[in-house]
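Survey of secondary and tertiary structure
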Amino acid sequence: MVKKFSIEEVPVENNIPLEPLLPQGASNDTPRKQSSGSEDKQSSGSEGKEVTVDNTSPEHSSGNVSPEQQKSPHKKELLPTITVTTANGDHVITRLKRADDKEGDDTSQHNEQQYLALADELSRASSYSNQMALYEDDIHHQGKISALLNRLANYHAGIEPNTSERKKTQAKARLGTLLGVYLPCIQNIFGVLLFIRMTWIVGMAGAIEGFLIVIVCCSCTMLTAISMSAIATNGVVPAGGSYFMISRALGPEFGGAVGILFYLGTTVASSMYIIGAIEILVTYMAQEISLFGDVSVQSNALNNYRVYGTAVLLLLGIIVFIGVAFVSKFATLSLACVILSILCIYIGIFAASPDRSMQICYLGDRLLTSDSVTVDGVMMCIKNSTGPIYKKFCHLDGNETTCDQFFKENVAYTKPGIPGLASNVFQDNLHNKYTYSGNIIGQKIAGDRDRGEIIADITSSFMVLLAIYFPSVTGIMAGSNRSGDLEDAQKSIPIGTLSAITTTSIVYITCTFFFAGTIEGDLLRDKLGESIDGGLVVAFLAWPTKWVILIGSFLSTVGAGLQSLTGAPRLLQAIAMDGVIPVINFFSVTTKRGEPFRALLLTLAISEIGILIANLDVVAPVITMFFLMCYGFVNMACALQTLLRTPSWRPRFKFYHWTLSLVGLGLCVVLMFISSWYYAITAMAIAAFVYKYIEYKGAEKEWGDGIRGLAMSAARYSLLRVQQGPPHTKNWRPQLLVLFKLDDQLQPKYPKMVEFAAQLKAGKGLTLVTSVLEGKWTERYADAQAAKQNLQKVIDQTGVKGFADVVVTESVTSGLCHLVQNSGLGGLRHNTVMLGWPYGWRHNIDERSYKVFLDTVNNIGAGQMALLVIKGATHFPSSSEKLKGTIDIWWIVHDGGLLMLLPFLLKQHKTWKNCKLRIFTVAQLEDNTIQMKSDLQKFMYQLRIQADVEVVEMAESDITAYTYERTLMMEQRTEMLKNMRVGKIQPQTIVDNSRASLPEVKVKLDTVTEESTTDEEKLSERNQYTFSPNFRQEGVSMEEMASSINKNVLDIKPDQKNVRRMHTAVRLNEVIIQKSHEAKLVILNLPAPPKNESGELNYMEFLEVLTEGLDNVLMVRGSGSEVITIYS
């Protein structure tokens, strides 16, 4: 306990300005209160007597200070004092007095004059250097925050497809959700199959199984869209859309494989659209243009498709090569045709009635072709000998006419083909009527086309129809493919895509039931419309005329093919530009206008192969395989990122879950094998071949993929894999090396540092808990093992999954340097070092008290690692607590984003989950505060981090008397300690001979536990470690003693840079305390350490001033590389 103090004044010649004790004008007997936030007094020296140096003032203590007092803690002028403490607890405190001081205000006037000259000199420096001098080195290298925010806010993702149109593209307004995502998805999802195959699928599968086909396919795309929305909102998605998202989420091997499959699917889709367009043209619109006879004969129809399809493909290829402008304009017309056609179909459904319907001819329960019952354009659905049906079923055998038994037993009749919703056809169309190839549609009897019977051209089943129908629901990535043109891709892609899928799903489901309830079942199963003069069933259903559907479906199908031929070459070029597949690098070249001509030629060649196949029902399952593979990988990417909980995985879209992604992945795989197991195996083989090819060639691209993150949890293979290079920004995790200080019992001094590391483990990084023992390994092996066990106990208690280690070296600094360099193995090495603040550096004459800390900081910086310095470790919360309040981030200089990432990771832990994030940044006089705040809000939005932002104005202000005095005392104190260390005077001699001559004034001071004091420490134990040389020795005057210590001290003039840096520390501390005095944690940038030894003590003092009055402080210094990104 503190026993007694002696106070006396000494002349100015003996002025030893070491420690400010009382504010100007305060009473001499005012007790000095120490806070729980003051520094720990650590011992070294001899016989319990040591020098104490302290610049702490009661105004800057963190304990028992109201917010009002904290707002302006630096307004009072301080009197320099020195303190001597003896082993028995007696203290002598000397308040310094100049020879020319007068009573009252004269003293303050004199002190004021001292700093005015320097303040006037400093005023000529820029306001920027005055206000932020403490961070000038960092700002010089990293740039100002305002400039950084301005660059980020003005960045627009995207690559213009044609360099000649660059200016137009930049000037064009950014697209919103409706025009940029929703309508393009609608256009791509509603394809040719809705018009030429939907009725046939409903007729064959029936209403129930048709609904199941639709709901299964739509569920697959909906789950994929949910996963895609999570990926798309996990950062800025530049131009490249879905390929960019998948490749950057799964890595170059998977990305390349999926990219090739996606390209092939898009290319083959173009052939499907062209085949569909020609089928509509030749079969339903103008049969007379057939080059190979009757198109009702399948071989003739396929040959027509091949010839006309090739011609249309060449025409579309020329259009694509000429320019994208026409494609974009035609897309608008195509979209209008799709929407108009669907509206006409719905109107026709409700307007349908037997009176408006065309008639179809039956013989018994067999639907006959219109050609077989038509004579001179008149339908003759009769059995008499003059009718066409008789001639089909009866033939002359000698002199007798022989008729088919079925003809004899059944009658011929007509009925409305589209009787409408009021009819009872829905009951008849409820169940499936799957048919084998060659059989009469809807029956199990072989048919004869020569008799006018309509026969099935392919065998139908649930699986076959599913494979044919699935391309009808693809196209969900049309919005993400336009990500570079969207104003806010993170908002538009989820809303637009999910809305489009919901809209199209509703249309498909309602069409399934409406078709089943409106159209006669056999007419539904008549794929080519042979019973209605080769017409399109949907066209006859539409209102007011069939030509609306025929023309609309033809134009929309051609437009869809044009879009595919435009997108596929650019996708191939993007893959080639990435360089992950060397064999296709040839296709990365573009023309002078930016057109991927080489990729276009390959795309046309592949599309021609699909056109030569000519059969839509064969081509559609191929597309199904490619798109199902692509959708499966999207779901896998989302599930993988979610399960790994990578720090970069911060989607703004919250309505996703890894189970939904796994269900989507499983559904894609099941649908692949249900549709066609041999196609599924072929698609997987292509993907596996591309994957192994990229792996064999050694992909050098690193995109922060989830597979790399997964590899870190495996054994040797994973260690070798993650050692290939530094992790991508998206994969960066705080892999912690915690450097502990041990007490005399080899116990960790601040165990809450490990708990804080555990709270940061939401990022699932590596944790190494280490310490250094000073001595020889041969002598302290047992101590090292005991210390290691103690560290491991702390690890086990806090639940951190990490390792403990203890190093024995003859130098603590060397030991810490070895740990920083060599801890970890391979890719499982630390990238972040956590240090505790050296609380006792002010109270210890041994320079190691701060030297070890600063040397370690420099070593960490040399190793390009991130640094976390914890100040106030005993006040940090335990992992069982749940805090409510704020985490305040003071972003003064850009450090790679570590200041943003750490609080996000902390909020993943239950302790900090309920805390709000507040981000403060400092604006200078020349900065636009409003623009900075807007840019910062946009930046946080792009980072997907919820936080309140505030820009603090650091207006130009003069250097205060307090700042000047404190800088002066700091430099005099530094000089005095330097003189002591070089042996100018032995403090022990002064103490031993000082007791006799001092009058004593007893002052009672309260004992306050310091922030670093543990329960085992006693205040009296710390008192014996402090003393100051302020005693008279017999025969030696005070003047002689003081002058021996203070040689050249009084002649010191504060350095201009130090004054400016102190000004920065003081001003920032004022603002931080004003804004964040109630914050649960304050995170701020750690200024750059000094480049030479002469500034080390000053640097420590600056940090003390900067953080005074704050309980929980985390000072952060980045590694020099980016650890957080706005990109997906």
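First, a word on what this report is: a plain description of the structure on this page. Not measured: the values here are computed from a predicted model. (Residues numbered from 1 in each chain as written. Predicted model: local features only at pLDDT ≥ 70, side-chain atom pairs only at ≥ 80, totals over all residues. Heavy atoms only, no water.)

With that settled, the discussion passes to the overall build of the protein chain. Of regular secondary structure, the protein chain possesses 39 helices and 21 strands. Expressed as a percentage of the 1128 residues in the protein chain, the buried residues total 59%. When contacts within the protein chain are restricted to residue pairs at least 6 apart in sequence, long-range pairs at least 24 apart make up 82% of them. Per element, the accessible surface of the protein chain, about 44900 Å² overall, is 55% carbon and sulfur. (Helix = DSSP H or I, 4+ residues; strand = E, 2+ residues; numbered from the N terminus. Buried < 20%, exposed > 50% of the residue type's maximum accessible area, 1.4 Å probe, protein only. Contact = heavy atoms within 4.5 Å. Areas by Shrake-Rupley, 256 points an atom, 1.4 Å probe, with all protein chains shown as cover.)

Right, let's get into the side chain of Glu-530. Assignment of secondary structure puts Glu-530 in the loop between helix 19 (521–525) and helix 20 (537–541). Taking the relative accessible area as the measure of exposure, Glu-530 reaches 10% and is therefore buried. In this structure Glu-530 touches Ser-296, Thr-369, Ser-370, Arg-449 and Ile-454, once residues within four positions along its chain are discounted.

As a further point, take the packing of aromatic side chains. This model, assessed by the stated rule, comprises 26 aromatic pairs. Judged by centre distance (5.8 Å) and plane angle (85°), the rings of Trp-649 and Tyr-656 are edge-to-face. Like Trp-649, the residue Tyr-656 is buried in the burial classification. The interplanar angle of 85° and the centroid separation of 5.6 Å between the aromatic rings of Trp-677 and Tyr-678 together place this pair among those described as edge-to-face. A relative accessible area of 54% means that Trp-677 is categorised as exposed. Judged by its relative accessible area of 46%, Tyr-678 falls in the partly exposed class. Within the aromatic cluster, the residues linked to one another by ring pairs are Phe-262, Phe-470, Phe-627 and Tyr-631. Above the plane of the ring of Phe-586 lies Arg-598, whose end atom (NZ or CZ) is 4.1 Å from the centre. (Phe/Tyr/Trp six-rings, centres within 6.5 Å; stacked < 30°, edge-to-face > 60°. Lys NZ or Arg CZ within 6 Å of the ring centre and 35° of its normal.)

Moving on to the packing of helix 38 (residues 1056–1076) against helix 39 (residues 1096–1107). Across the interface, helix 38 lies against helix 39 with an axial gap of 7 Å and an inter-helix angle of 20°. With respect to their mutual orientation, helix 38 and helix 39 come out roughly parallel. Here helix 38 runs over helix 39; the crossing is right-handed. The segment helix 38 lies against helix 39, with Asn-1058, Arg-1061, Met-1062, Ala-1065, Val-1066, Leu-1068 and Asn-1069 engaging Asn-1098, Glu-1101, Phe-1102, Val-1105, Leu-1106 and Thr-1107. For the contact of helix 38 with helix 39, the residue count by class is seven nonpolar, four polar and two charged. (Axes fitted to C-alpha atoms, helices over the stretch in contact; angles between N-to-C directions. Parallel < 35°, antiparallel > 145°, perpendicular 65-115°, else oblique. Left-handed = near helix turned anticlockwise from the far one by under 90°. Nonpolar A, V, L, I, M, F, W, Y, C, P; charged D, E, K, R; others polar.)

Attention shifts here to the sheet that holds strand 13 (residues 767–774). With respect to topology, ten strands assemble into an open sheet ordered 14-13-12-15-16-21-20-17-18-19, the strand pairing being mixed. Both outer strands of the open sheet, strand 14 (802–809) and strand 19 (948–953), are each paired with one neighbouring strand and no more. This sheet shows a mean twist of 20° between the axes of neighbouring strands, independent of strand direction. Note: strand 16 (residues 866–871) against strand 21 (residues 1113–1117), five bridges, orientation antiparallel. Looking at the pairing, Leu-867 lines up with Arg-1117 of strand 21. This element, helix 30 (residues 812–822), spans strand 12 (736–740), strand 13 and strand 14 of the sheet and lies at about 160° to strand 13. Sheet strands touched by helix 31 (residues 848–862): strand 12, strand 13, strand 15 (832–836) and strand 16. Its angle to strand 15, the strand with the most contacts, is close to 170°. (Pairing = 2+ DSSP bridges.)

This part takes up helix 24 (residues 658–675). In this model helix 24 runs 26 Å from its N-terminal to its C-terminal C-alpha over 18 residues, within 8% of the 26 Å that 1.5 Å per residue would give. For helix 24, the set of buried residues is Ser-661, Gly-664, Cys-668, Leu-671, Met-672 and Ser-675. Projected down its long axis, helix 24 carries its buried residues within an arc of 105°, all on one side. (Expected span 1.5 Å × (residues − 1). Arc of directions from axis to C-beta.)

A few words now on empty space enclosed by the protein. All told, the structure shown has 14 cavities of 30 Å³ or more when counted by the stated rule. Looking at the second largest cavity, it is lined by 13 residues, and the ones nearest its centre are Gln-298, Leu-302, Tyr-305, Asp-457 and Leu-528. Mapped by element, the contributors of at least two residues to the lining of the second largest cavity are helix 11 (298–322) and helix 23 (616–644). The dominant element in the lining of the second largest cavity, judged by the number of residues it contributes, is helix 11, at four residues. Here the residues of the lining of the second largest cavity are counted per class, giving six nonpolar, two polar and five charged. (1 Å grid on protein atoms, 1.4 Å probe; cavity = no way out; pocket = protein on both sides within 12 Å on 5 of 7 lines; lining within 4 Å. Points joined across faces, edges and corners; volume = space filled by probe spheres on them.)

Right, let's talk about the pattern of salt bridges for a bit. Applying the stated rule across the entire model yields 21 salt bridges. For Lys-415, the salt bridge goes to Glu-520, with nearest N and O atoms at 3.2 Å. Within this pair, whereas Lys-415 is found in strand 11 (residues 412–416), its partner Glu-520 is found in the loop between helix 18 (489–518) and helix 19, the two being separated by 105 residues in sequence. Where Glu-1104 meets Lys-871, a salt bridge forms, and the shortest distance between an N and an O atom there is 3.6 Å. Of this pair, Glu-1104 sits in helix 39 while Lys-871 sits in strand 16, and the two are 233 residues apart along the sequence. On the basis of relative accessible area, Glu-1104 is assigned to the buried category, the value being 1%. (Salt bridge = Lys/Arg side-chain N within 4 Å of Asp/Glu carboxyl O.)

Direction of pairing for strand 9 (residues 394–397) relative to strand 10 (residues 400–403): antiparallel, over a ladder of four bridges. Within strand 10, the position partnered with Leu-396 by the bridge is Thr-401.

It is at 10 Å that the axes of helix 11 and helix 22 (residues 597–613) come closest, and there the two elements cross at 165°. On the basis of the axis angle, helix 11 is roughly antiparallel to helix 22. Note on packing geometry: the crossing formed by helix 11 with helix 22 is right-handed. For the pair helix 11 and helix 22, the contacting residues are Tyr-305, Arg-306, Gly-309, Thr-310, Leu-313, Gly-317, Val-320 and Phe-321 in the first and Phe-597, Leu-600, Leu-604, Ser-607, Glu-608, Ile-611, Leu-612 and Ile-613 in the second. Broken down by class, the residue content of the contact of helix 11 with helix 22 amounts to ten nonpolar, four polar and two charged.

Attention now moves to the state of the cysteines. Applying the stated rule across the entire model yields two disulfides. Residue Cys-361 pairs covalently with Cys-381 via a disulfide, S to S 1.9 Å. What sets the handedness of the Cys-361 and Cys-381 disulfide is the S-S torsion sign, and at about 80° it is right-handed. Note that Cys-361 is positioned in strand 5 (residues 359–363) and Cys-381 in the loop between strand 8 (378–379) and helix 13 (388–393), a separation of 20 residues in sequence. The pair formed by Cys-361 and Cys-381 is uniform in burial state, with each residue classed as buried. Sulfur-sulfur distance for the disulfide between Cys-394 and Cys-403 comes to 1.8 Å. The sign of the 115° torsion about the S-S bond sets the Cys-394-Cys-403 disulfide as right-handed. Residue class for Cys-394 comes out buried when judged on its relative accessible area of 8%. If you count the bonded cysteines of the protein chain from the N-terminus, they pair up as 1-2, 3-4. (Disulfide = S-S within 2.5 Å.)

Along strand 21, four of the five residues are buried, which leaves the element largely enclosed by surrounding structure. Two strands pair when backbone bridges link them, and strand 20 (residues 1081–1085) and strand 21 are joined in this way by four bridges, in the parallel orientation. From the neighbouring strand, Ile-1083 faces strand 21, where its bridge partner is Leu-1114. Between the parallel elements strand 20 and strand 21, the chain passes through helix 39 in a crossover that is right-handed. (Right-handed = clockwise from strand over helix to strand, strands pointing away.)

Between Trp-543 and the following residue, Pro-544, the backbone shows a cis peptide bond with an omega angle of 5°. Considering the arrangement of structural elements, one finds Pro-544 in the loop between helix 20 and helix 21 (546–578). Even without glycine at this site, Leu-746 takes up a positive phi of about 65°. Here Leu-746 is to be found in the loop between strand 12 and helix 28 (752–759). One non-glycine residue, Arg-944, lies in positive phi territory at about 60°. Take Arg-944: it is sitting in the loop between helix 33 (929–942) and strand 19. Residue class for Arg-944 comes out buried when judged on its relative accessible area of 5%.

Structurally, the position occupied by Gly-317 is in helix 11. Expressed as a C-alpha distance, the spacing of Gly-317 and Leu-565, which sit 248 residues apart in the sequence, is 7.2 Å.

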